[in-house]
Amino acid sequence: MVNEKNSLKDKLFKDSGTKTKGKKTKKTSLYVLLIFIAIQLSPVLFINSTYDYFIGQGMEPDMAQAATSGWLIFLAMGIGFATALIVVFRDKKFFDIWKGKKLNTGWAILWGFFGFLLLLIGQSLAALIELAIGIDPGSENTSNLVSIAKVVPAAIFAVVLFGPVMEELVFRRVVFGSMIQTTNFWIATAVSALVFAAVHLEFTHLLLYFTTGLILAFLYKKTKRLLTPIIAHILLNGYVMLIQLNMDKINRFIERMEQLEQIQFIFNVFFK
């Protein structure tokens, strides 16, 4: 039984670290996973004290709640992000899980921008399918993050930078990257997408998350560089945040354009 457990553990974290003479193999993937779990759970320890602080500053309860969430997300993600980078860059073999030559940095970056376009197309198609089968559009998780970002702009860094990098390290390198060495592309992608949805508590939009995970996994496998899905993910989150934060301005612009079209129509009817 002990041997079976050790075998399963070795498969899950295969090639997750380097071996050095006289020392145990570094379990970098495990460390990254633990850092990510700590990021998710640690804010709970400081919610009450942080909320009480903002209430003491004269904030209304709703504002204090948003400020609490925003600053705890920013600090937890920022500290976790920095810690994870230190851990992974101390292990020179952490990213070397693919056979064959990696794309050079320039092409990897270009594929990242192309991957962003693929994500927009893929998510649009997935959203249309969800709408067709009766699933309401929109993400509650995204809506909450946008509301928080309006109160604490620093949280935007967590959503656009820290979050995508950490999620790619965990879901693409640790989960997908480890599983694809013992299973196939589709199983590894499906499992990583399910875990991705579970972390975001968005099982209703499982198709959307699966599509996103599929494209990001494809980018990782295609270029053999984690840099590519990281860039695509950062651009996607940045785009969504930019649109959501400026939705009022966008709606006003659309209304003005509609008014101009109506004026143009009236002008054409009476003066032409």
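This is a predicted model, so every value here is computed, not measured.

**Thoughts on the nonpolar core**
Within the largest apolar cluster, 33 residues are counted, with the highest numbers of intra-cluster contacts made by Val32, Met166, Leu169 and Phe176. When contributions to this core are tallied by element, the ones reaching two or more residues are helix 2 (28–41), helix 4 (61–89), helix 7 (155–179), helix 8 (185–200) and helix 9 (206–223). Formed by 8 residues, the second largest nonpolar core is a distinct cluster that contains Trp111, Leu119, Ile215 and Leu236.

**Thoughts on unusual backbone geometry**
The backbone of lysine 224 shows a phi angle near 60°, a positive value even though the residue is not glycine. Mapped onto the secondary structure, lysine 224 falls in the loop between helix 9 and helix 10 (227–245). Lysine 224 sits in the buried class, given a relative accessible area of 18%.

**Brief notes about helix 6 (residues 140–151)**
For helix 6, with 12 residues, the first-to-last C-alpha span of 17 Å sits near the 16 Å given by 1.5 Å per residue. Of all the positions in helix 6, only Val146, Ile148 and Ala149 are classed as buried. Along the long axis of helix 6, the arc covered by the buried residues comes to 165°, so they all point the same way. Seen from the buried face of helix 6, the exposed residues on the opposite side, beyond 90 degrees, are Glu140 and Lys150. Where the residues of helix 6 are buried, they touch helix 4, helix 7 and helix 10.

**A look at the confidence of the model for the chain**
For the chain, mean pLDDT is 83; residues scoring 70 or higher make up 82% of the total. Per-element averaging of pLDDT across the chain places helix 1 (residues 2–12) at the bottom with 48 and helix 4 at the top with 94. This model gives residues 11–25 a pLDDT under 50, and the stretch forms 29 contacts once residues within four places in sequence are excluded.

**A word on the side chain of threonine 228**
By the element assignment, threonine 228 lies in helix 10. Residue classification places threonine 228 among the buried residues on the basis of a relative accessible area of 0%. Once residues lying within four places of it in the same chain are set aside, the contact partners of threonine 228 are Ala108, Trp111, Gly112, Leu219 and Thr223.

Rules used in this analysis
Residues numbered from 1 in each chain as written. Predicted model: local features only at pLDDT ≥ 70, side-chain atom pairs only at ≥ 80, totals over all residues. Heavy atoms only, no water. Core = buried A, V, L, I, M, F, W, Y, C linked by side-chain atoms within 4.5 Å. Buried < 20%, exposed > 50% of the residue type's maximum accessible area, 1.4 Å probe, protein only. Helix = DSSP H or I, 4+ residues; strand = E, 2+ residues; numbered from the N terminus. Expected span 1.5 Å × (residues − 1). Arc of directions from axis to C-beta. Contact = heavy atoms within 4.5 Å. pLDDT = per-residue confidence, 0-100.

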